[in-house]
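Summary of the model geometry
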Amino acid sequence: MSQMSKEDALSLPRHRHACHVMLYADTDSKLFGRYQTKHIVLMQMRFDGLLGFPGGLVDLSKETLESGLSRELEEELGVALLVSPEDHVSSSLAPAVPNLITHFYAKKMNESEIKEVEKAAVTVAKDHGLEVLGMVRVPLYFFKRGGGLPAFLSNSFIGSARSQLLSALQSFGLVSQQELAKATQQANQMRHQSQPR
Ligand SMILES: O=c1[nH]cnc2c1ncn2[C@@H]1O[C@H](COP(=O)(O)OP(=O)(O)O)[C@@H](O)[C@H]1O
């Protein structure tokens, strides 16, 4: 991923710009009544079967990065979520799409706000069942045989969504560096094992 500042990205004349956001919250909920889950992180299953973050292309002739992202969120999540310039995390050239810059944001909410988003995404969001097949929570824990975060990371992701997720989990302190290294290593093994022979 070739990162650049938001200002440098905005000064490139012929590039298209896409913005995506990681919504997250702290939680006390216990899985099976026993395992502390600590954090909620939202991603979505896209129409193409790939995992990604909510968001999309913005039109800088009509809107700012943040207002374009809020418009996309309204369509995909069914709620008007304000994303501010302070929520910006990184801007990068897209790995496989020419002339595309992806801007990544992260917004911390509380657990009840996240639940409202999940509810609206199913009930009122225009894109539900079409461009977006469903919101998913990222399992941030480990179970035996690679269950949890390693299994989640062994799925297929759109563009740089997987590396955006990994760097955000680390920089916001949601998963330790050591656990992330273990998760990516196990995920790679799982991907390898599931290749057709
Ligand atoms: O979660 C993501 N992280 C990084 N890049 C993404 C993510 N989702 C989509 N992209 C990239 O951004 C481009 C436009 O995104 P998206 O498909 O969400 O926009 P659209 O709904 O406006 O068409 C995609 O072609 C893809 O390369």
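Residues numbered from 1 in each chain as written. Predicted model: local features only at pLDDT ≥ 70, side-chain atom pairs only at ≥ 80, totals over all residues.

An unreviewed UniProt entry lists the protein chain under the name U8 snoRNA-decapping enzyme, with Denticeps clupeoides given as the organism. According to the UniProt record, the Cofactor (unreviewed entry) comment for the protein chain is "Co(2+)". Here the protein chain is described in UniProt, under the heading Sequence similarities (unreviewed entry), as follows: "Belongs to the Nudix hydrolase family. NUDT16 subfamily." (UniProt positions renumbered as here; feature names shortened; annotations may be inferred.)

It is worth spelling out the nonpolar core at this point. Counting 38 residues, the largest nonpolar core has Val21, Met22 and Leu69 as the members making the most contacts within it. Mapped onto this core, the elements with two or more residues apiece are β2 (16-26), β5 (39-46), α2 (65-77), β9 (100-109), α3 (111-123), β10 (132-137), α4 (149-153) and α5 (161-171). Broken down by element, the residue count for this core peaks at 6 residues, all from β2. Among all residues touching leucine 69, those that are not within four sequence positions of it are Cys19, Val21, Gly55, Val58, Val83 and Tyr105. (Core = buried A, V, L, I, M, F, W, Y, C linked by C-beta atoms within 7 Å. Buried ≥ 20, exposed ≤ 12 C-beta atoms within 10 Å, placed from the backbone. Helix = DSSP H or I, 4+ residues; strand = E, 2+ residues; numbered from the N terminus. Contact = placed C-beta atoms within 7 Å.)

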